[in-house]
Structure formats: structure tokens, C-alpha cells
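# Residue-level structure breakdown
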Amino acid sequence: MSHSTVPRSRAEADDSAQKTPAASGKAAGTPREKKDGKLSLRLRFRRDRVLILMTLPAVLLLLVFNYLPILGNIVAFQDYDPYVSSNGIVAMLNSPWVGVENFQRMFEDPDFWNAVQNTLVLFFLQLLLFFPIPIGLALLINSVVRPRVRAISQAILYLPHFFSWVLVIAVFQQLFGGAGILSQLLRDHGYDGLSIMTDPSTFKYLVTAEGIWKDAGWGIIVFLAALSSVSPDLYEAAAMDGAGRWRRIWHVTLPALRPVIALLLVLRVGDALTVGFEQILLQRDAVGPGAAEVLDTFVWWNGVRNQDFGYAAAAGLVKGVVSLGLVLAANKVAHLMGEQGVYKK
Amino acid sequence: MTAVIDKPPVPQRSRWAAPPRPTWEEEPSKAGVAGKGLVLALACFAILFPLWIVVVTSLSSRKTIDEAGGLVMIPKGITFIAYKELLSGGQVTRATIVSVLVTLVGTLFSMAVSVLCAYGLSRIGSLGHRWLLMLLLATMFFSAGLIPTYLLVQSLGLTDSYLALILPSAISVFNILVLRGFFMGISQELTDSARIDGAGDFRILWQIVMPLSRAVLAVITLFYAVGYWSAWFNASLYLNDQDMMPLQNVMIQLVQKQEAPVGLGQAIKTGQLSGLAVQMAVMVMALLPVAVLSPFVQRHFKKGMLTGAVKG
């Protein structure tokens, strides 16, 4: 392969140019390399074309399914009529423009504000109840020294993360539903049955509990990774200085976790408007939209169900833009705290 | 075992026993150990107990279920009748086949695309490397929204086609970054020497990089497979034909709406079979592959996640 002998990095290029001018200067007369030692674009393309070719399928998928639909957000400014044509794009081109009418309607819609409120309530509840649990569990597992016990409990704790939401909700229904085991037990002892799965007033706690059951165990993985990279010397040094068990947790273990906790917290805040779409959609019918509507299900209901595509796209666009702002802000905060964030600075 | 001769014999420890503590570390109190054990046991119980009930009920006969007044906690008179009925053709059998096929094809496709892309991006300094990486990373910040995506998939003519279950969510940028991080950790000398021996990029990927990355490949394969196996939303959006539905969607209908699977109504009415056992059997079928596979891959989780997190 001809390109295989061409150095890939600039440092290598400089190196070989200095050490073996004859090797790289096969065409000494022709300007194959620019003056600063950088290869010409054409040469770099010839060298890296296989690598570029390899990324192509993924790039194509992203362009079609992640980038192209962004353009589709123009239906938010249209009175989109899905019956003009069976092809969505043709229908889009033939739909009348209405400016910001969809947005005006949305901001006056109490259902929209209800969805906003539910989304935020769920977010804060999850932050408060869900977030600390994996940290505690990770500390606990980390303090278990028997390898077998560690491995087995980890395997069990990770398991529900791999279950689908359909399954998790079905399991909860079997336990806490009207015909579930708890209800059955209560009725056997002369109490009324339960209606946890259909009670709008406790729906937010139900959703949080399901989330904890499914993902709290999985959440410990990143904390365990952080803990395993703490040098044992630190613990020994602390012990030499007279720090007991709890002092070592406070002064060695927790500081080691601090960056991870901060990063996850920041990222979670950046993702605040997304609170379990599939999970909530599956239970929306049983509880009713009053308690169960979040921004994502609001978009789904108005768009997919009611075919009011322009209106739903407007809600989705608002959510997307606010989310983007939140993620960027969260990343900024992560960088300010000296963390890496989602991307390197 | 001749090499052991000049070493002192290592005392055999039970694999359940605690390894020796460093001298500076104090012995834990009995109450402390008991408390820790209790919390862990409770957490594990909270996860395993519901699954136990589901499995046991699915294996119970109509009589046992009626006696228990619903869900069964203690197994008695094990029978596989629910599974036999479900898998002897009909709606659930078809849905299971659909799910298995979509998972197999989808995972293979996702892995192929992801591994290629991750390798293509793993050489820092290659042409366009930064631009392509930005293109990937940017998608972690925004989503185009449900409605435009829905309209696009419809316009592409993917509705009522299994491609709609695979293509729109075929790759996860996070997975690609994890793979890339791992590939970048493979020593450059190794790939360079292969290159000198005349290997091209495809051969290096196939014969050197991939065999060295078995752990992370296993983890990412599991992630993709679980994603396809658990997916129901795309099917509910893009498929109209009931006969095409994957297992998860059929499960929603069975468990949430308390419907009997098509074709099984008769067996349930004649008293042979409990509707509850059928529901539980479908749930077991949905959770079984995941529950069986994930523990095998588990020991690689931390390694895989760590390389991805550090170098992403």
C-alpha cells in the first residue's frame, strides 16, 4: 500500500524529514510537502482515504437521521396538513406559513404549562431522591472486601438496567397494581386494595421509584471506577496520621468522588427537560395527562396522536432549544469547575 | 506443577473469604459488617423478589394460581404449559421471532458501522478527523425532535418496514466514543509494525485491533443488543401491521391492557391455562436473554466504561 509509508502525524513527518531526507524526498523537486512540513491536502487524503471511508456509514446515518430532521422543524411555523400528500416532505412544501401562531397558541395553552410543571417537578424529585442512592451504594459495595460477595451483588444490582421499560412497568404493576401482590395481601387482611399505579397524586413518586429500581444499581458503576483509581497509599497515610474509618471516608474517599459527582450533577441539570419519555408514555393512559404529561409526551400526544404536527413541532422545538441552552450552560459550568464535560475544551 | 517447588505453598483460601487486610486497617465491628450485609441483601432482594414471583407464576398451573388468589410466591406443581401454548405458533411466537431477528440484524449492523467509524476516528491527525469528531459530538447536544424525525422516516418510505426499527437509532455516539477511546489505547507500535508488513487499515482493524478489544466489543455489543431487544417505541410509531409487532409491543398489550394473546383465548376460557401465567411467561421471555447474557459481560463493564470516559 503506497500510503502506508507516509507518516500520519505532523511530529512524525518532521522527524522523518530531518533524519532521512532521502526517504521522504523521493520527489525532492516537486513540492509534495508544504514549507512548514505539513503534507499537502491531496497527499493527506490519499493517505487517509481508507479511514475516511470507514467513518462514512456512521456519518451518513447521523446526517440523515440526526441532522436532516432539524430542517423539518420548519413545520413549527406552518399550519402543516398531513393530508396534502402521503409524503411528509411534499406536504411540508405545500403547507401554509403561519409565523409564530403555533408558539402563541402554545404559551396560552394550560396543558402546555401543566406539562412544563410536571417535567420540572419530576426532575427535582429525581435529583433529590434518585441521585444520592448510587453514591451510597457505591461506597457500600466498595467497602465490601470479599470478592465473591462484591461480584454477586454487583451482578444483581446491574441487572434491571438491562430490562425494557415495558418489563419494569409490568413488574411494578404485578406488585403494586390493583390486582398485584400487595393489593391482594391487603384484601386478604380486610383492607382496601391499592391503586398506586393509577393514582395521579402519587404518580411522581411511582415514576421515581421505578427509575431507582431500574437504574440506581447501574449508576454505581462510574463511582466504583472512580473509587478503584484512588491510591491505597492515601488510605495508609491517613491511617498513619490517626484517621479512623469514618475520617478516611470523609477525607480520602469522598474527595476522590467529588469530581465525578459534580460532573454527573451538572450533566443531569443540562438534561433536565428529558425525564423518562418511554416510561411515562407507557403509564400515561392509566394515570391521565394531568399528572403524567411531560414535555416529551405533550409533543407525542399532539403530534402523533392528534396529527396536529405544526403545534407539536413547535413544542418540541422550544424544548430542544431550551435543552441545548441548558446542556451548553452545564458544560460551561463543568469547564469552570475544571472538569472535562461532554467535550474537551 | 513442578515450578512451585521452590516457592512456599500458598494457603488455600475460600473464594468467599475476605482477603488479608493491610496491617494498618482496623478489623470491622460485627455490627458494621452485619449492617452492610443487611443493606446489600435488602437491595438485592428488592430486585430479585419481583422477578422470582414473575418466574414462579409463569410456571404455575391454573390450580396453583387460583389457590394463591393471584400471584404465586412458593413454587408448587411446576408446569410449562404457558410457554408451550405461547411458543406453539400464533401472535407471541411471531413477535418473538421478529424481536430475535431485529436484534440480531440490528446489532450486527450497528456494530459494523460503529467499529468502522471508531477505528476511522482513532488516528489523531488523519485528514478531517477533527471535523468528523465534531459532527459526532454535536449530536450529543441537540435532538431534532420527535415530529421532524417522524415525518422524515415516513417520507423515506420506511413506515411498515423493519428498517424503521433499525436505521433511525442504529448508532449511539456514546458507544462509538467508548470504542474509539479503547482503540486509541492500543499501542501504536503494534499497528505500525503491521503496516510495515503491508497490512492495510481493514486488515489491521480485523486482525490486530479487534482481537485486542474483545472486552469492550462484548460490552458494546450487549448495549446495542439490549437496545434493540427492549425497543418498542419505534415499532409503535412506524408499524401499523399488528403481525409485524416485536415482543415488547405485544407485551404492552398483554400486560397493560390485560388482553389475551390472539389464539390463546380459547385455552384460557376452557380453564386449561391461567391468563396470569401467560402474561408472566411473556415477561420471562422478554427478560430471559438479557438476564442470561449480561452477567457474562459484567466483568468488562467497568473497564469498558472507564476507557470510554477517560479518553472520550
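Cut-off values and rules
Residues numbered from 1 in each chain as written. Chains lettered and ligands numbered in written order. Predicted model: local features only at pLDDT ≥ 70, side-chain atom pairs only at ≥ 80, totals over all residues. Heavy atoms only, no water. Helix = DSSP H or I, 4+ residues; strand = E, 2+ residues; numbered from the N terminus. Buried < 20%, exposed > 50% of the residue type's maximum accessible area, 1.4 Å probe, protein only. Contact = heavy atoms within 4.5 Å. Areas by Shrake-Rupley, 256 points an atom, 1.4 Å probe, with all protein chains shown as cover. Polar contact = N/O pair within 3.5 Å; in protein donor to acceptor, adjacent residues only side chain to side chain. Axes fitted to C-alpha atoms, helices over the stretch in contact; angles between N-to-C directions. Parallel < 35°, antiparallel > 145°, perpendicular 65-115°, else oblique. Left-handed = near helix turned anticlockwise from the far one by under 90°. Nonpolar A, V, L, I, M, F, W, Y, C, P; charged D, E, K, R; others polar. Buried area = accessible area lost by both parts, 1.4 Å probe. UniProt positions renumbered as here; feature names shortened; annotations may be inferred. Core = buried A, V, L, I, M, F, W, Y, C linked by side-chain atoms within 4.5 Å. Domains from an automatic or database assignment. 1 Å grid on protein atoms, 1.4 Å probe; cavity = no way out; pocket = protein on both sides within 12 Å on 5 of 7 lines; lining within 4 Å. Points joined across faces, edges and corners; volume = space filled by probe spheres on them. Expected span 1.5 Å × (residues − 1). Salt bridge = Lys/Arg side-chain N within 4 Å of Asp/Glu carboxyl O.

### Quick look at the overall build of chain A
Helix and strand content of chain A: 17 helices and zero strands. Buried residues in chain A amount to 45% of all 345 residues. Sequence separation of at least 24 residues holds for 65% of the intrachain contacts in chain A that already meet a minimum separation of 6. Taken as a whole, chain A presents about 17,300 Å² of accessible surface, with 63% of it coming from carbon and sulfur.

### Some words on the side chain of T107 of chain B
Residues and elements named next belong to chain B. Locating T107 in the fold gives a position in helix 4 (residues 91-120). Its relative accessible area of 8% is what places T107 among the buried residues. In this structure the side chain of T107 is engaged in a polar contact, spanning 2.5 Å, whose partner is the backbone oxygen of T103. Contact partners of T107, with chain neighbours within four places excluded, come to V102, T221, Y224, A225 and Y228.

### Considering the packing of helix 16 (residues 295-305) of chain A against helix 17 (residues 309-336) of chain A
Residue and element names in this part refer to chain A. Following both chains from N to C, one finds helix 16 and helix 17 inclined at 165 degrees, their axes separated by 7 Å at the closest point. Judged on the interaxial angle alone, helix 17 and helix 16 are roughly antiparallel. As helix 16 runs across helix 17, the sense of the crossing is left-handed. In this structure, helix 16 contributes L295, D296, F298, V299, N302 and G303 to the contact, and helix 17 contributes F309, Y311, A312, A315, G316 and K319. When grouped by side-chain class, the residues that make up the contact of helix 16 with helix 17 number seven nonpolar, three polar and two charged.

### Comments concerning the interface of chain B and chain A
Of the residues lining the interface, 101 residues belong to chain B; the matching set on chain A comes to 100 residues. In total, about 9,100 Å² of surface goes out of reach between chain B and chain A, with carbon and sulfur atoms giving 74% of it. Our enumeration of links across chain B and chain A arrives at 10 residue pairs in polar contact (both at pLDDT 80 or more). Top contributing element to the side of chain B that touches chain A by residue count: helix 15 (residues 275-311) of chain B, with 16 residues. Taken together, the residues that form the side of chain B that touches chain A break down as 76 nonpolar, 15 polar and 10 charged.

### Concerning the UniProt feature "transmembrane region" (unreviewed entry) in chain A
Residue and element names in this part refer to chain A. UniProt marks residues 50-70, 120-141 and 162-182 with the feature "transmembrane region" (unreviewed entry), using the numbering shown here. Counting secondary structure, residues 50-70 comes out at 100% helix and 0% strand; the distance between its end C-alpha atoms is 30 Å. Span residues 120-141 is 91% helix and 0% strand, its end C-alpha atoms 32 Å apart.

### Some details on the nonpolar core
F163 of chain A together with M283 and F301 of chain B are the most contacted members of the largest nonpolar core, which totals 171 residues. For this core, the domains that each give at least three residues are domain 1 (34-68) and domain 2 (89-309) of chain B. Every residue in contact with F301 of chain B, bar those within four places of it in the chain, is listed here: Y158, F162, W218 and I221 of chain A together with V219, L222, F223 and S294 of chain B. Counting residues in hydrophobic clusters, the runner-up holds seven residues, among them A238, A239 and A243 of chain A together with W24 of chain B.

### A look at the layout of surface pockets
Considered as a void within the structure, the second largest pocket measures approximately 1,200 Å³ in volume. In terms of lining residues, the second largest pocket is bounded by 34 residues, among which N142, S143, V144 and V145 of chain A together with K36 of chain B are the most central. Elements that contribute at least two residues to the lining of the second largest pocket include exactly helix 7 (132-143), helix 8 (147-158), helix 11 (203-228), helix 12 (232-240) and helix 13 (245-270) of chain A together with helix 1 (30-58) of chain B.

### With respect to helix 9 (residues 165-176) of chain A
All names here are of chain A. Compared with the 16 Å implied by 1.5 Å per residue over 12 residues, the 16 Å span of helix 9 between its first and last C-alpha is a close match. Judged by how many residues are buried, helix 9 sits mostly within the fold: 11 of 12 residues are covered. Among the residues making up helix 9, those that are buried are W165, V166, L167, V168, I169, A170, V171, F172, Q173, Q174 and L175.

### Re the pattern of salt bridges
This model, assessed by the stated rule, comprises eight salt bridges over all chains. With a shortest N-O distance of 2.9 Å, D48 of chain A and R47 of chain A are connected by a salt bridge. You'll find D48 of chain A and R47 of chain A in the same group, each marked buried. One salt bridge in this structure joins R21 of chain B and E27 of chain B, with 3.8 Å as the shortest N-O distance. Here R21 of chain B falls in the partly exposed class, since its relative accessible area comes to 26%. Bridged by salt links that share partners, the residues R21, E25 and E27 of chain B form one connected network.

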